[in-house]
Amino acid sequence: QVQLVESGGGLAQAGGSLRLSCAASGMIFPRNVMDWYRQVPGNQRELVARITSGGITNYADSVKGRFTISRDNAKNTVYLQMNSLKPEDTAVYYCHVQLWREYWGQGTQVTVSS
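One structure accompanies this document, and this report is about it. Not measured: the values here are computed from a predicted model.

Considerations on the state of the cysteines
Under the criterion given, the structure shown has 1 disulfide. Each disulfide pairs two cysteine sulfurs, and for Cys 22 the partner residue is Cys 95, the sulfurs being separated by 2.1 Å. For the disulfide bridge between Cys 22 and Cys 95, the dihedral angle about the S-S bond is near -85°, and by the sign convention the bridge is left-handed. Highlighted residues: Cys 22 in strand β3 (residues 18-25) and Cys 95 in strand β9 (residues 91-98), separated in sequence by 73 residues. Accessibility expressed as a relative area gives 0% for Cys 22, which makes it buried. Given a relative accessible area of 0%, Cys 95 falls into the buried group.

What follows is the structure in structure tokens.
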């Protein structure tokens, strides 16, 4: 059974940093593209960052230069390092993988105060 478990959210001040982690199980982790999404209540989930099995990364324009996605295949874990946080980064952040169907983590709240 595929499971994605996020951790590392919390409260940060504007300009601060947080690191999110997503531990994956029940899948061949190194072979798969891993994503971080975020959602604000009332809005659709938006793709924040993506990393391929080969380590190629893509970012939403709103986070380029501030966020870094990485993966540790030995630990079956994907990370999102978030620096220079802004209040508009406040959202629930979700880990995601598309296999034969979509899988989502439970989400972790990130709140950035001004």
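Focus: the pattern of salt bridges
Scanning all chains against the criterion turns up 5 salt bridges. Salt bridges linked by common partners bring Arg 38, Glu 46, Arg 66 and Asp 89 together as one network.

Things to note about the nonpolar core
In terms of nonpolar packing, the biggest core is built from 30 residues, with Leu 80 and Tyr 93 touching the most fellow members. Of all the elements in the fold, those that place two or more residues in this core are β3, β4 (34-39), β5 (46-51), β7 (67-72), β8 (77-82), β9 and β11 (108-113). Excluding anything up to four places from it in sequence, Tyr 93 contacts Glu 6, Leu 20, Trp 36, Tyr 37, Arg 38, Val 48, Phe 67, Leu 80, Met 82, Gly 107, Thr 108 and Val 110.

Thoughts on the packing of aromatic side chains
Under the counting rule described, the total for this entry stands at 3 aromatic pairs. A ring pair is formed by Tyr 94 and Trp 104, whose centres lie 6.3 Å apart and whose planes are at 90°; its orientation type is edge-to-face. Residue Tyr 94 is found in strand β9, and its partner Trp 104 is found in strand β10 (residues 102-104); the two are separated by 10 residues along the sequence. Overall, the relative accessible area of 31% leaves Trp 104 in the partly exposed class. On the basis of an interplanar angle of 80° and a centroid distance of 5.9 Å, the ring pair of Trp 100 and Tyr 103 is categorised as edge-to-face. A residue is classified by how much of its surface remains accessible, and Trp 100, at 67% relative accessible area, is exposed. Owing to a relative accessible area of 12%, Tyr 103 belongs among the buried residues under this scheme. Here a set of aromatic residues connected by ring pairs shows up, and it is made of Tyr 37, Tyr 94 and Trp 104.

A word on the pairing of β9
Taking burial as the measure, the 8 residues of β9 include 6 buried ones, the bulk of the element. Here β4 pairs with β9 via 5 bridges, running antiparallel. Residue pairing for β9: Gln 39 is matched across the bridge by Val 92. Note that β9 and β10 share 3 bridges and pair antiparallel. Looking at β10, one finds that Gln 98 is bridged to Glu 102.

What counts, and where the lines are drawn
Residues numbered from 1 in each chain as written. Predicted model: local features only at pLDDT ≥ 70, side-chain atom pairs only at ≥ 80, totals over all residues. Heavy atoms only, no water. Disulfide = S-S within 2.5 Å. Helix = DSSP H or I, 4+ residues; strand = E, 2+ residues; numbered from the N terminus. Buried < 20%, exposed > 50% of the residue type's maximum accessible area, 1.4 Å probe, protein only. Salt bridge = Lys/Arg side-chain N within 4 Å of Asp/Glu carboxyl O. Core = buried A, V, L, I, M, F, W, Y, C linked by side-chain atoms within 4.5 Å. Contact = heavy atoms within 4.5 Å. Phe/Tyr/Trp six-rings, centres within 6.5 Å; stacked < 30°, edge-to-face > 60°. Pairing = 2+ DSSP bridges.

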